[in-house]
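Read off the chains here:
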Amino acid sequence: MQARIYQPAKTAVQSGRFRTKSWIVEFEPRSRQEADHLIGWIGNGETERQLTLRFASQEQAIAYCEKNGIDYTLSLPHARIVRPKAYADNFIRRT
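First, a word on what this report is: a plain description of the structure on this page. What you see is a predicted model; the values in this text were computed from it and never measured.

The next point concerns the overall build of the protein chain. Looking only at helices and strands, the protein chain features one helix and six strands. Taken from N to C terminus, the helices and strands of the protein chain fall in the order β-β-β-β-β-α-β. Rg of the C-alpha trace for the protein chain: 20 Å, well past the compact-globule value of 12 Å for 95 residues, more than 25% over. Viewed in the frame of its principal axes, the protein chain has a C-alpha envelope of about 65 × 40 × 20 Å. When each of the 95 residues of the protein chain is scored for burial, the buried share is 20%. Across the protein chain, every contact between residues at least 6 apart in sequence was considered, and the portion connecting residues at least 24 apart equals 52%. Roughly 8,300 Å² of accessible area belongs to the protein chain as shown, and the carbon and sulfur atoms make up 52% of that amount. Each charge sign in the protein chain was given a centre, from 15 positive and 10 negative side chains, and these centres are 16 Å apart.

See below:
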């Protein structure tokens, strides 16, 4: 079983950073999804794919995977660049 450990990014729609501090463990799919012949719904028999585990720190997520014998891939977050701005900067005349 293969899992991916990452820290979620801020959503593009919202300006807040809600739920970006936790670390998430998601399981990678082992088979592709197929349409059900009777109903036509898309899915497969993997229940691990529906599971998302949240941890308070990266170390806790790694410890969980190592304790349960799960191979994992760690994706580190990109550094956030904050450029301070002021409202008065809109009225500075640049030549």
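Having put the structure on the table, let's press on.
Right, let's get into the nonpolar core. The biggest cluster of nonpolar side chains holds eleven residues, and these are Ala-3, Ile-5, Trp-23, Val-25, Phe-27, Leu-53, Phe-55, Ala-61, Ile-62, Cys-65 and Ile-70. Counting residues per element, the ones that place at least two in this core are β1 (2-6), β2 (23-27), β5 (52-55) and α1 (58-67). Setting aside anything within four residues of it in sequence, one finds Val-25 in contact with Ala-3, Arg-4, Ile-5, Leu-51, Thr-52, Leu-53, Phe-55, Ala-61 and Cys-65.

The next subject is α1. Along α1, the positions that sit buried rather than exposed are Ala-61, Ile-62 and Cys-65. Considered in projection along α1, the buried side chains sweep an arc of 95° and stay on one side of the axis. Facing away from the buried side of α1 by over 90 degrees, the exposed positions are Glu-59 and Lys-67. Lining the buried residues of α1 we find β1, β2, β5 and β6 (71-75). At the C-terminal side of α1, Gly-69 shows a positive phi close to 70°.

Roughly 240 Å³ of volume is contained in the largest pocket. Every residue along the wall of the largest pocket is listed here: Gln-7, Pro-8, Ala-9, Lys-10, Arg-17, Thr-20, Pro-77, His-78, Ala-79 and Arg-80.

Here the focus is unusual backbone geometry. A negative phi angle is the norm for most residues apart from glycine, just as the trans form is the norm for most peptide bonds. Despite not being glycine, Arg-19 shows a phi value in the positive range, around 60°. Within the secondary structure, Arg-19 is located in the loop between β1 and β2.

What counts, and where the lines are drawn
Residues numbered from 1 in each chain as written. Predicted model: local features only at pLDDT ≥ 70, side-chain atom pairs only at ≥ 80, totals over all residues. Heavy atoms only, no water. Helix = DSSP H or I, 4+ residues; strand = E, 2+ residues; numbered from the N terminus. Rg over C-alpha atoms; globule rule 2.2 N^0.38 Å. Buried < 20%, exposed > 50% of the residue type's maximum accessible area, 1.4 Å probe, protein only. Contact = heavy atoms within 4.5 Å. Areas by Shrake-Rupley, 256 points an atom, 1.4 Å probe, with all protein chains shown as cover. Lys, Arg positive; Asp, Glu negative; His and termini not counted. Charge placed at Lys NZ, Arg CZ, Asp CG, Glu CD. Core = buried A, V, L, I, M, F, W, Y, C linked by side-chain atoms within 4.5 Å. Arc of directions from axis to C-beta. 1 Å grid on protein atoms, 1.4 Å probe; cavity = no way out; pocket = protein on both sides within 12 Å on 5 of 7 lines; lining within 4 Å. Points joined across faces, edges and corners; volume = space filled by probe spheres on them.

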